Amino acid sequence: MLINHDTRCALDCVVDLLNTAPDEHTPDTLTDVDALRAFIVRNTISGVDALDETDLAAVRNVRERFGEVFAAPDERGAAELVNTLVASAGTTPQLTDHDGYDWHIHYFAPGASVADHLAADGGMALAFLLVAGELERLRRCAAPDCHRAFIDLSRNRSRRYCDSRTCGNRLHVAAYRARQRESAENRP
Ligand SMILES: [Zn+2]
Ligand SMILES: [Zn+2]
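A quick note: this is a predicted structure, and the numbers were derived from the prediction, not measured.

Draft legend 1. Focus on the packing of helix α1 (residues 5–18) against helix α5 (residues 114–131). Put simply, α1 and α5 touch, their axes get as near as 9 Å, and they point 115 degrees apart. By the criterion of interaxial angle, the relationship of α1 to α5 is roughly perpendicular. Judged by the twist between their axes, the crossing of α1 over α5 is left-handed. Across the interface between the two elements, Thr7, Ala10, Leu11, Cys13, Val14 and Leu17 from α1 touch Leu118, Asp121, Gly122, Ala125, Leu126, Phe128 and Leu129 from α5.

In structure tokens:
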């Protein structure tokens, strides 16, 4: 797959943000500035200083936009959503090798707010995925009691469950059963 390391990290960040959103099974976990700060530390997002309620509201809005891309019925719909998101973030690609990291591209403008940072870099990562024809790797967990987002990076795009503890176990059980079935079928 034509997905480089930076894109992969940005996608992980998109997924992490999406999974703070509430659904019928889990509460919203991005409800105050402290939770936003924890999210930023967890995802090692650079260049963020002070955070306030405005940032929180803006990031929650970006979270909704990402959710729409995940829910888009087709590539064209997703492309329009990504274009709008990236344009509104004032994207300006910049080569950088800050903090000892190798050369990589920041899509967010220097001094961008954290919401614009997420929209620009996450939006571009989704754009690369779309260009690579890999948009179907954006998934929601198939477990009936789980709706978590994840990126399926498996070779044959066969992953159905997220890697949370319960669903990850389910995945292992399913893989185990499949192996057993296979060896049973291969028996003479
Ligand atoms: Zn960087
Ligand atoms: Zn799950």
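The discussion continues.
Draft legend 2. Structural context of the layout of surface pockets. Estimates place the volume of the largest pocket at around 710 Å³. What lines the largest pocket is a set of 32 residues, and nearest its centre among them are Asp6, Cys9, Ala10, His104 and Asp121. Looking at the lining of the largest pocket, the elements that each hand over two or more residues are α1, β2 (104–106) and α5. Its residues assigned to classes, the lining of the largest pocket shows 16 nonpolar, 11 polar and five charged. Looking at the second largest pocket, its volume works out to about 260 Å³. Lining the second largest pocket are 16 residues, with Asn19, Ala21, Asp23, Thr26 and Arg148 positioned closest to its centre. Across the lining of the second largest pocket, the residue classes tally to five nonpolar, seven polar and four charged.

Rules used throughout
- Residues numbered from 1 in each chain as written.
- Chains lettered and ligands numbered in written order.
- Predicted model: local features only at pLDDT ≥ 70, side-chain atom pairs only at ≥ 80, totals over all residues.
- Heavy atoms only, no water.
- Axes fitted to C-alpha atoms, helices over the stretch in contact; angles between N-to-C directions.
- Helix = DSSP H or I, 4+ residues; strand = E, 2+ residues; numbered from the N terminus.
- Parallel < 35°, antiparallel > 145°, perpendicular 65-115°, else oblique.
- Left-handed = near helix turned anticlockwise from the far one by under 90°.
- Contact = heavy atoms within 4.5 Å.
- 1 Å grid on protein atoms, 1.4 Å probe; cavity = no way out; pocket = protein on both sides within 12 Å on 5 of 7 lines; lining within 4 Å.
- Points joined across faces, edges and corners; volume = space filled by probe spheres on them.
- Nonpolar A, V, L, I, M, F, W, Y, C, P; charged D, E, K, R; others polar.

Distances and angles like these do not, on their own, reveal function.
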